[in-house]
2 protein chains.
Amino acid sequence: MKRVVIIGAGNVATHLGRALQNKNFVVSQIFSRTENSATQLASDLGVPFTTNLQSLDREADIYFYCVNDAVLCDVINKIDIPDALHVHTAGSLPLSIFESHLQYRRYGVFYPLQTFSKTRKVNFDEIPIFVEGNSLEAEEEIRQIAQTLSKRVFSSDSEQRKKIHLSAVFACNFVNHLFSIAEELVKTAGYSFDILLPLITETVNKLNELSPYDAQTGPAVRNDQNIIRQHLLLLENKPEFSEIYSVLSESIYRMHKKDIQTRE
Amino acid sequence: MKRVVIIGAGNVATHLGRALQNKNFVVSQIFSRTENSATQLASDLGVPFTTNLQSLDREADIYFYCVNDAVLCDVINKIDIPDALHVHTAGSLPLSIFESHLQYRRYGVFYPLQTFSKTRKVNFDEIPIFVEGNSLEAEEEIRQIAQTLSKRVFSSDSEQRKKIHLSAVFACNFVNHLFSIAEELVKTAGYSFDILLPLITETVNKLNELSPYDAQTGPAVRNDQNIIRQHLLLLENKPEFSEIYSVLSESIYRMHKKDIQTRE
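All values derive from a computational prediction rather than experimental measurement. (Residues numbered from 1 in each chain as written. Chains lettered and ligands numbered in written order. Predicted model: local features only at pLDDT ≥ 70, side-chain atom pairs only at ≥ 80, totals over all residues. Heavy atoms only, no water.)

**A few points about the relation of the copies chain B and chain A**
When chain B is fitted to chain A, the residual RMSD is 0.0 Å, and the transformation amounts to a turn of 180° plus an axial shift of 0.0 Å. This pairing of chains is accounted for by a two-fold axis. Within chain B, the C-alpha atom positioned nearest to the axis of rotation is that of valine 175 of chain B, 2.7 Å from it. A share of 100% of interface residues in chain B that are also interface residues in chain A marks the association as one of identical surfaces. (Least-squares fit on C-alpha atoms with pLDDT ≥ 70 in both. Contact = heavy atoms within 4.5 Å.)

**Focus on the side chain of threonine 203 of chain A**
Mapped onto the elements, threonine 203 of chain A comes out in helix H6 (residues 197–205). In contact with threonine 203 of chain A, other than residues within four places in its own chain, are Thr115, Cys172, Val175 and Asn176 of chain B. (Helix = DSSP H or I, 4+ residues; strand = E, 2+ residues; numbered from the N terminus.)

**Comments concerning the interface of chain B and chain A**
Contact with chain B, which involves 94 residues of that partner, is made by 94 residues of chain A. Taking both partners together, chain B and chain A bury about 8900 Å²; carbon and sulfur atoms supply 67% of that area. Put simply, arginine 120 of chain B and glutamate 202 of chain A hold a salt bridge, and the shortest N to O gap is 2.8 Å. At the junction of chain B with chain A, the criterion picks out 32 residue pairs in polar contact (both at pLDDT 80 or more). Secondary-structure elements contributing two or more residues to the side of chain B that touches chain A are helix H3 (69–78), strand S8 (153–155), helix H5 (158–188), helix H6 (197–205), helix H7 (212–215), helix H8 (225–234) and helix H9 (239–263) of chain B. Considering every element that reaches the side of chain B that touches chain A, the biggest residue donor is H5 of chain B, with 28 residues. Grouping the constituent residues of the side of chain B that touches chain A by class yields 49 nonpolar, 27 polar and 18 charged. (Buried area = accessible area lost by both parts, 1.4 Å probe. Salt bridge = Lys/Arg side-chain N within 4 Å of Asp/Glu carboxyl O. Polar contact = N/O pair within 3.5 Å; in protein donor to acceptor, adjacent residues only side chain to side chain. Nonpolar A, V, L, I, M, F, W, Y, C, P; charged D, E, K, R; others polar.)

**Quick word on the domain arrangement of chain A**
Many analyses report the size of an interface as the accessible area lost when the parts associate. Residues and elements named next belong to chain A. Domain boundaries assigned for chain A yield domain 1 (3–156) and domain 2 (162–263). One C-alpha centre belongs to domain 1, the other to domain 2; they are set 36 Å apart. Counting residues at the interface gives six residues for domain 1 and five residues for domain 2. Buried area between domain 1 and domain 2, summed over both chains or domains, comes out near 500 Å², and the portion from carbon and sulfur atoms is 77%. Between domain 1 and domain 2 we count zero salt bridges in total. For the pair domain 1 and domain 2, the number of links is zero residue pairs in polar contact (both at pLDDT 80 or more). In terms of residue class, the side of domain 1 that touches domain 2 is built from three nonpolar, three polar and no charged. (Domains from an automatic or database assignment.)

**Brief notes about H3 of chain B**
All of the buried residues along H3 of chain B are Asp69, Val71, Leu72, Val75 and Ile76 of chain B. Relative to the axis of H3 of chain B, the buried residues are bounded by an arc of 145° and lie together on one face. Seen from the open side of H3 of chain B, the exposed residues pointing more than 90 degrees away from its buried face are Ala70 and Lys78 of chain B. Where H3 of chain B is buried, its residues touch helix H8 (225–234) of chain A together with strand S1 (3–7), strand S4 (62–65) and strand S5 (85–88) of chain B. (Buried < 20%, exposed > 50% of the residue type's maximum accessible area, 1.4 Å probe, protein only. Arc of directions from axis to C-beta.)

**Side note on the packing of aromatic side chains**
According to the stated counting rule, one finds 22 aromatic pairs over all chains in the structure shown. Note on phenylalanine 116 of chain A and phenylalanine 124 of chain A: the rings are 6.0 Å apart at their centroids and 20° apart in plane angle, and the pair reads as stacked. Among the residues examined, phenylalanine 124 of chain A registers a relative accessible area of 8% and is labelled buried. Aromatic side chains tyrosine 245 of chain A and phenylalanine 174 of chain B sit 5.2 Å apart centroid to centroid with 70° between the ring planes, which places their arrangement in the edge-to-face category. You can see tyrosine 245 of chain A sitting in helix H9 (residues 239–263) and its partner phenylalanine 174 of chain B sitting in helix H5, one on each of two chains. The residues tyrosine 245 of chain A and phenylalanine 174 of chain B share a single accessibility class, namely buried. One aromatic cluster is present, built from ring pairs that chain together Tyr111, Phe130 and Phe154 of chain A together with Tyr191 of chain B. (Phe/Tyr/Trp six-rings, centres within 6.5 Å; stacked < 30°, edge-to-face > 60°.)

**Here we look at the sheet that holds S1 of chain B**
Strand-to-strand pairing in sheets goes through backbone hydrogen bonds, with the strands running parallel or antiparallel. Residue and element names in this part refer to chain B. Across the sheet, which stays open at both edges, the eight strands sit in the order S3-S2-S1-S4-S5-S6-S7-S8 with mixed pairing between neighbours. The two strands at the open ends of the sheet, each matched to only one other strand, are strand S3 (49–50) and S8. Both S1 and strand S2 (residues 26–31) contribute to a ladder of five bridges, which runs parallel. Opposite arginine 3, over in S2, you have valine 26 as the bridge partner. Across the sheet, helix H1 (residues 11–22) touches S1, S2, S4 and strand S6 (106–112), and the angle it forms with S1 is around 170°. (Pairing = 2+ DSSP bridges. Axes fitted to C-alpha atoms, helices over the stretch in contact; angles between N-to-C directions.)

**Some remarks on the packing of H8 of chain A against H5 of chain B**
Their axes nearest at 10 Å, the elements H8 of chain A and H5 of chain B cross at an angle of 100°. The pairing of H8 of chain A with H5 of chain B is recorded here as roughly perpendicular in orientation. Of the residues in H5 of chain B, those in contact with Ile227, Gln230, His231 and Leu234 of chain A of H8 of chain A are Glu159, Lys162, Lys163, His165, Leu166 and Val169 of chain B. Counted by class, the contact of H8 of chain A with H5 of chain B contains four nonpolar, three polar and three charged residues. (Parallel < 35°, antiparallel > 145°, perpendicular 65-115°, else oblique.)

**What to know about the sheet that holds strand S5 (residues 85–88) of chain A**
All names here are of chain A. Pairing is mixed across the open sheet formed by eight strands, whose spatial order is S3-S2-S1-S4-S5-S6-S7-S8. With one partner strand each, in any of the chains shown, strand S3 (49–50) and strand S8 (153–155) form the two edges of the open sheet. Across the sheet, helix H4 (residues 136–149) is in contact with strand S4 (62–65), S5, strand S6 (106–112), strand S7 (129–133) and S8; its angle to S7 comes to roughly 160°.

Here you go:
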């Protein structure tokens, strides 16, 4: 049974910790700089924690780095355990972030493509996991761990992973922000956000049958200037929303223009 | 049993026609300017069709207008059947569009908030329907029809409905366009769009527990300039995508700024 230390106690650490325990990995310790979140995750998993990198369990087989991109480099530089496997989970950061440790033989990346919230269970089984290692041996080791957790494991290098992460920002973070704007707008009409849920659900369910390109509907793809003008008028007092409206409408029109002209 | 004529043969006409037949309305005729789509829907519903407004069945109780916003006014002006109930289904167009017919006594709006594709079944039961009538009597009549089809029927005036329609453009059309962009990006990394589906599904499933405002994650809400710069670099050759990236990131940051400062 592999012994794992989890560095971080946020959303990824929480879900990864649970998933590893479910597959009989021994989580021997949680590290977090914040005592509050360290305590919480450690008690959730029933394992010890530390808030001091000097007290890190040095006997583990694998160290999973699940901290914010902004502090990852700093945390890596403060740890010096040469014989273990070191793995970070950041979509946007390259493998080479471990290179400062010249004596590290096995390191890599384990990037689960999902949005995690502490309060929501996720099925790890279906989550695509993108793995990379500094050697064939390291990559194979990471791949095997990933395959115990998920059916969808892919090799990808740091450049590919950066692009996957960017596409996830569009498909998740930006999409969620559009939902926030829709919520503000629907409230000004006197209704609550949940009147939009069947529409949102169907927008996503369509993707199982149609590519998003083929599923596109709305005034912009039809270039219905009359409706577009009316909508911009409604957004007169919300300049940031009307900018988003214009930029996205223009982009929809341009992406579909060629096809529409061909069809006519 | 009420006798209904459906004007239009597109996505809304198709789904509304089926739903009305299921609830024992008699669809007596389909009208469409395009013979092809008229034939298709008429044979699907097993009812007669016409492509000539002069041959419209004048004996129906209800006329449902399910045509494009851009041609609705023109179609309304070409029909002159004073004693029936006339109902349009456009979110963005006001009740007053019927006012040119001074002798019409009963007219109104029946706006189902959903994205319809001909090839996908929808459960009308859950679709919010927004109704409006030119009199209490007309509105009550439209409400009763809506309630036979859906559990979620709301009264709304033309101003409210315009705002609901605008919010739907953000939550559906714009969201779908972001999926199209994500698809293009993920393909440049060598993967197909379906690696994003678990992420997209979870982004939407979260909305059952969290408001989109509270669910927001990603580099923009953390104001992680390092990642944002990297992403913009990746989009260097796609100026329209990098404009969308900047405008949305800026808007996420501004919407959450106050709360983040309060928390710090």
